[in-house]
Amino acid sequence: MKVKRFHPKMFIILFIFWMLLTLNLEISNIIGGIIVSFIVTYLSYGLLYTESGFLFSFPSIYTWIKYIFILISEIYISSIDLMKSIIKDEYNPSILEIDLDLKDSFLITLVANSITLTPGTITVDKKDNKLIILYIRQDENGDAEKNIKEKFEKLFIKKEN
């Protein structure tokens, strides 16, 4: 039995991503995008997809739009808070361990990357569904874990169940 190693949806997603990143409509760029998208699609077999489809589930378009809006707003809010903390000399770096309720490794990675993109927080390590985070501001009330769980994890919990 011949194994299907090419996934057209994956190819289309990668090619669209290529075109959005380059924003170049020259024929050489389009051909390069097709070649690179084909190679990455072919090599991603077993890592991202199999004969039965993708190995993880993507959140809906509505969830992605909501996520991007929340992430961008959190980046700006956190940068202003961090600047205030540094100016007032009110920061105390600490390590937090957060147990996520998510089980899907793709969604856990998405939450971990969101934490790292937000100023003042860095995801240091991931063990199963536990994230170890370096938090730069003072967290006397335990607000950091609550904020992460409410703003990022909550978006994807419905998707996973």
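Bear in mind the structure is a predicted one, so any value in this text is a computation, not a measurement.

Criteria and thresholds
- Residues numbered from 1 in each chain as written.
- Predicted model: local features only at pLDDT ≥ 70, side-chain atom pairs only at ≥ 80, totals over all residues.
- Heavy atoms only, no water.
- Phe/Tyr/Trp six-rings, centres within 6.5 Å; stacked < 30°, edge-to-face > 60°.
- Helix = DSSP H or I, 4+ residues; strand = E, 2+ residues; numbered from the N terminus.
- Buried < 20%, exposed > 50% of the residue type's maximum accessible area, 1.4 Å probe, protein only.
- Axes fitted to C-alpha atoms, helices over the stretch in contact; angles between N-to-C directions.
- Parallel < 35°, antiparallel > 145°, perpendicular 65-115°, else oblique.
- Left-handed = near helix turned anticlockwise from the far one by under 90°.
- Contact = heavy atoms within 4.5 Å.
- Nonpolar A, V, L, I, M, F, W, Y, C, P; charged D, E, K, R; others polar.

Regarding the packing of aromatic side chains
- Per the stated rule, a full pass over the model turns up four aromatic pairs.
- Plain terms: the ring middles of F11 and F15 are 6.3 Å apart, the flat faces sit at 10° to each other, and that makes the pair stacked. In this pair, F11 and F15 are both assigned in helix α1 (residues 8–22), four residues apart and thus about one turn of the helix distant. Each of the two residues, F11 as well as F15, counts as buried.
- When the centroid spacing of 6.4 Å and the interplanar angle of 15° are considered together, the rings of F38 and Y42 count as stacked. Linking F38 with Y42, this pair stays in helix α2 (residues 27–43), spanning four residues, or about one helical turn.

Quick notes on the environment of M10
- Secondary-structure assignment places M10 in helix α1.
- C-alpha separation for the pair M10 and F38, spaced 28 residues apart in sequence, amounts to 9.0 Å.

Regarding the packing of α1 against α2
- The N-to-C vectors of α1 and α2 enclose an angle of 140°; their axes lie 9 Å apart at closest approach. Viewed along their axes, α1 and α2 adopt a mutual orientation that is oblique. Remark: the crossing between α1 and α2 carries right-handed chirality. Across the interface between the two elements, M10, F11, L14, F15, W18, M19 and T22 of α1 pack against N29, I30, G32, G33, I34, V36, S37, F38, V40 and T41 of α2.

A closer look at the packing of helix α3 (residues 61–87) against helix α4 (residues 105–117)
- For the pair α3 and α4, the least separation of the axes is 10 Å and the interaxial angle reads 25°. In this view, α3 runs roughly parallel relative to α4, as classed from their interaxial angle. In the crossing of α3 with α4, the sense of the turn from one axis to the other is right-handed. Residue-level inspection shows W64, Y67, L71 and I75 of α3 in contact with α4, the latter providing F106, L110, S114 and L117.
- Across the contact of α3 with α4, the residue classes break down as seven nonpolar, one polar and no charged.

What to know about the side chain of S85
- In this fold, S85 is placed in helix α3.
- Judged by relative accessible area, which is 11%, S85 ranks as buried.
- In contact with S85, not counting residues within four places along its chain, are E90, Y91 and R137.

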